[in-house]
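# Architecture and fold: a report
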Amino acid sequence: MACIPTPLSLSAGNEPNGALAPPCSTWHRLAFSHSISNQLALAPSQDTVQILLVEDNLSSHEHVRYTSLLRLPIEVLDEIFSYAKPQPSPDLLSLATRLLYRHIPALSLSLTTRCLETLVSKPSLAAHTRTWEIGDTSFLDASRKGRLSPTFFRLLQGALHNTHRLTELAFLLNGATSHVLLDAPFRLTKLTAYCDFDATFASWLTEQTSLRTAIFCGNFTSGVTLPSDALPSLRRVAAAPLTLACVVPGRPVREVDLCLVHPWSLSRDVLHKAIRTIASSTGPLDSLKIISHLAEPTETVLSALEAIPSTLKSISKLALHAVSGSITNDILAGLPPILSQFAGLKSLTLFSKNKSDALHVAASLRTLAATWRATCVSLECVTFADATYVHHQSHGWVTTRDLAELLTVREQSLQHHTVELCKQEVALDYERRAVQGTRESTRVLTSELLQRQGGASVVTIAA
């Protein structure tokens, strides 16, 4: 068991030359995952930086898991470690540095600027970064109002060009900001982009041959196209209809999130055109999620949804996510004729943020799932806002919690059966040993009797 001595608090009285410890009030607790005899853990508090020396007595064959990780002001890392007594080993410092810079979370504009300065001045630190979220709510507001200076974009471009191992990027900058991405050395597997989908951005996308998941939230510039050989690895994409029309056709996309938010609305004409575009994926398409406001009448919503199976009959997953409005009882009741047209639909997901709509107050969601399966026999899983139901051959529709309990009972039954079998094996083994012992005793007695009878015969003949 690890032993944690009294923390060394680096307040003003403990610091060299009376210097104040770097402020860490906005960052979470940090722990390092590494099996070493003396392990250093940093526990930032409101006013001080506490350094804990943790004695690790685990053997080299044991592994330690730490669930808390990773939020410290990265530009003051070296200074923080300089306060440690005793000084941490170079190996530990290297490990901590790699962990701290591996994921850069969303920061405020001021902290992002400081971070960029560090990554530009120290490329070796930027080389550790794998995932990066650029921007938060205040950041987005500054981006919309044009408050980001040319100096900021130069710093951002320099930092991005140093992160050659980056694989996931959340680029939350609105407008024509994608020029900072051009010629960056990294090859992403996942991208979330709020910048305009313009010619510059499309040109940069041609470099991302490893991109598998893309979420495009920016405005689409009319007339922009992608070469047919661009994005050869793309498998999942979320975007508005015009962007999907540019990205999906001719590419192996298997999952699409269709975003019908302002200025788009959920109507049969809009959905029919979008579905025809999505169907041109070479995936083939397996999953469709519709994200939309539900302000239209029930008849309009159901009429729009009817356009899906007419073109995408073979998809196995369908989801409807209402960002506003309500999924009403009338909508739920009108789904069976639509679901009956799918050939192999296995999963249906309905989600709404309205806590008072039918998804949250329906008397029996289980009955709804059973009704829908009666018209769509391939349906195996139905997910509502607060529960997921799975079809079980013996028990019908059960929640995932019910299923876990059934599996637990089944496991206990199997364990009990195993114990009984072991007991039977022991009993049979005992019987086999007893029979073998009896046979051995019988053989010995028989041998002795034969010997006695043979001796008596010899005496008789001699006489």
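To start, this report covers the structure provided alongside it.

The rules behind these values
- Every chain's residues receive numbers from 1 upward, in the order its sequence appears when written.
- Local features are withheld for residues below a pLDDT of 70 in this predicted model, meaning they are given only at 70 or higher, and side-chain atom pairs are given and counted only at 80 or more; totals for whole chains, interfaces and linings count all residues.
- For side-chain calculations, the full set of non-hydrogen atoms in the structure is used, while hydrogens and water are omitted.
- Strands are runs of DSSP state E lasting at least two residues, helices are runs of H or I lasting at least four, and both sets are numbered from the N terminus onward.
- Exposure is judged per residue with a 1.4 Å probe applied to protein chains only, and the accessible area is read against the type maximum: over 50% gives exposed, under 20% gives buried, and values in between give partly exposed.
- Whether two residues touch is decided by their heavy atoms; if any such pair falls within 4.5 Å, the residues are in contact.
- Residue exposure ignores everything except the shown protein chains as possible cover, and the areas themselves are Shrake-Rupley values with a 1.4 Å probe.
- Note on definitions: the grid is 1 Å and covers protein atoms alone; a cavity is a set of points where a 1.4 Å probe fits but cannot get out; a pocket is an open set with protein on both sides within 12 Å along at least five of seven lines; lining residues have an atom within 4 Å of a point.
- Grid points are joined across faces, edges and corners, and a volume is the space filled by probe spheres set on the points.
- For this classification, the nonpolar set comprises Ala, Val, Leu, Ile, Met, Phe, Trp, Tyr, Cys and Pro, the charged set comprises Asp, Glu, Lys and Arg, and every other residue, Gly included, is treated as polar.
- To get an axis, fit a line to the C-alpha atoms, keeping to the stretch in contact for a helix; angles then go from 0 to 180 degrees between the N-to-C directions.
- Note on terminology: angles under 35 degrees are roughly parallel, angles over 145 are roughly antiparallel, angles of 65 to 115 are roughly perpendicular, and the others are oblique.
- Crossings are classed by handedness, with left-handed meaning an anticlockwise turn of the near helix from the far one by less than a right angle and right-handed meaning a clockwise turn.
- The arc in question is the one spanned by the directions pointing from the helix axis to the C-beta atoms.
- Between any two strands, pairing holds if DSSP finds at least two bridges.
- The pairing test for Phe, Tyr and Trp rings, Trp by its six-membered ring, is centres within 6.5 Å, and the orientation test on the planes gives stacked under 30 degrees, edge-to-face over 60, and tilted for anything in between.
- We define the nonpolar core as a collection of buried residues of types Ala, Val, Leu, Ile, Met, Phe, Trp, Tyr and Cys that are connected through side-chain atoms lying within 4.5 Å of one another.
- Counted as a polar contact is a pair of N or O atoms within 3.5 Å, where, for protein atoms, one must be capable of donating a hydrogen and the other of accepting one, and residues adjacent in sequence contribute only when both atoms are in side chains.
- Any Lys or Arg side-chain nitrogen found within 4 Å of a carboxyl oxygen on Asp or Glu counts as a salt bridge.
- In plain terms, two cysteine sulfur atoms within 2.5 Å form what is called a disulfide here.

## What about the overall build of the protein chain?
A count of helical and extended segments in the protein chain gives 16 helices and 16 strands. Across the 463 residues that make up the protein chain, the buried fraction comes to 41%. Across the protein chain, contacts joining residues at least 24 apart in sequence account for 59% of those joining residues at least 6 apart. Total accessible area on the protein chain stands at roughly 24,600 Å², and carbon and sulfur atoms take up 54% of it.

## Here we look at the layout of surface pockets
Space inside the largest pocket adds up to approximately 330 Å³. Residue lining of the largest pocket: 16 residues in total, with Cys-217, Gly-218, Asn-219, Ala-240 and His-262 positioned closest to the centre. Of all elements in the fold, only β8 (213-216), β9 (236-239) and α8 (241-247) reach the threshold of two or more residues within the lining of the largest pocket. Looking at the lining of the largest pocket residue by residue, the classes come out as 12 nonpolar, 4 polar and no charged.

## Some remarks on the packing of helix α3 (residues 109-121) against helix α6 (residues 150-160)
Running from N to C, α3 and α6 point in directions that differ by 50°, and their axes come no closer than 8 Å. Classified by the angle between their axes, α3 and α6 sit oblique to one another. At the point where α3 passes α6, the crossing takes the left-handed sense. Together, Leu-109, Thr-112, Thr-113, Leu-116, Glu-117, Leu-119 and Val-120 of α3 and Phe-152, Leu-155, Leu-156, Gly-158 and Ala-159 of α6 make up the contact between the two elements.

## Regarding α6
Taken together, the buried positions of α6 are Phe-152, Phe-153, Leu-155, Leu-156, Ala-159 and Leu-160. Each buried residue of α6 lies within a common arc of 160° when the element is viewed along its axis, so the set occupies one face. Among the exposed residues of α6, those pointing more than 90 degrees away from its buried face are Pro-150 and Arg-154.

## Observations concerning the pairing of strand β5 (residues 131-134)
Where strand β4 (residues 103-104) and β5 come together, 2 bridges link them in parallel fashion. Along β5, the bridge assignment pairs His-103 with Thr-131. The pairing of β5 with strand β6 (residues 168-175) spans 4 bridges and is classified as parallel. Looking at β6, one finds that Glu-133 is bridged to Ala-170.

## Quick look at the packing of aromatic side chains
Taken as a whole, this structure holds 8 aromatic pairs when the rule is applied. Between Phe-197 and Phe-216 the ring centres are 5.3 Å apart and the planes differ by 85°, which places this aromatic pair in the edge-to-face class. Remark: Phe-216 occurs in strand β8 and Phe-197 occurs in the loop between β7 (190-195) and α7 (199-205); sequence separation between them is 19 residues. Overall, the relative accessible area of 5% leaves Phe-216 in the buried class. Among the aromatic residues, ring-to-ring pairing joins Phe-197, Phe-201, Trp-204, Phe-216 and Phe-220 into one connected group.

## Comments concerning the nonpolar core
Core analysis: the largest hydrophobic core is formed by 99 residues, its most contacted members being Trp-132, Leu-288, Ile-308 and Trp-372. Top contributing element to this core by residue count: α6, with 6 residues. If sequence neighbours within four positions are ignored, Trp-132 has contacts with Ile-104, Leu-116, Leu-119, Leu-156, Ala-159, Leu-160, Thr-163, Leu-166, Glu-168, Leu-169 and Ala-170.

## Some details on empty space enclosed by the protein
Overall, the coordinates contain 2 cavities of 30 Å³ or more when judged by the stated rule. In this structure, the largest cavity spans a volume of roughly 100 Å³. Lining the largest cavity we find 13 residues, and of these Leu-305, Leu-318, Leu-320, Leu-335 and Leu-348 sit closest to its centre. Elements supplying a minimum of two residues to the lining of the largest cavity: α11 (307-311), β12 (317-325), α13 (336-339) and β13 (347-352). Among the elements that make up the lining of the largest cavity, the one with the highest residue count is β12 (3 residues). Residue composition of the lining of the largest cavity, by class: 13 nonpolar, no polar and no charged.

## Description of helix α15 (residues 365-375)
Those residues of α15 not exposed but buried are Leu-365, Leu-368, Ala-369 and Trp-372. Taken around the axis of α15, the buried residues stretch over an arc of 100°, which confines them to a single face.

## As for the side chain of Arg-251
Turning to its location among the elements, Arg-251 is positioned in the loop between α8 and β10 (255-260). A distance of 2.5 Å separates a polar atom in the side chain of Arg-251 from the backbone oxygen of Pro-227. Sequence-distant contacts of Arg-251, defined by excluding residues within four places in its chain, comprise Leu-226, Pro-227, Ser-228, Ala-230, Leu-231, Cys-246, Ser-281, Thr-282 and Gly-283.

## Considering the pattern of salt bridges
Applying the stated criterion across every chain, the model contains 8 salt bridges. For Arg-236, the salt bridge goes to Glu-255, with nearest N and O atoms at 3.9 Å. Of the two residues, Arg-236 is situated in strand β9 and Glu-255 in strand β10; the sequence distance between them amounts to 19 residues. Note on Arg-236: relative accessible area 24%, which makes it partly exposed. Each of Arg-236, Glu-255 and Asp-257 takes part in one network of salt bridges that share partners.

## What to know about the state of the cysteines
By definition, a disulfide is the covalent link that joins the sulfur atoms of two cysteine residues. Here the structure, examined in full by the defined rule, presents 0 disulfides. Distance from the sulfur of Cys-259, which forms no disulfide, to the nearest cysteine sulfur (Cys-217) is 6.7 Å.

## Topic: the environment of Asp-136
Along the chain, Asp-136 turns up in the loop between β5 and α5 (137-144). What makes Asp-136 partly exposed here is its relative accessible area of 23%. When sequence neighbours within four positions are dropped, the list of residues in contact with Asp-136 reads Ala-106, Leu-107 and Ser-108.

## Quick look at the pairing of strand β15 (residues 388-392)
For a regular strand, side-chain orientation follows a simple rule: the groups alternate between the two sheet faces. The sheet contact formed by strand β14 (residues 381-383) and β15 spans 3 bridges and is antiparallel. Of the residues in β15, the one forming a bridge with Cys-381 is Val-390. Where β15 meets strand β16 (residues 396-399), 4 bridges bridge the pair, whose relative direction is antiparallel. Note that in β16 the partner of His-391 across the bridge is Trp-397.

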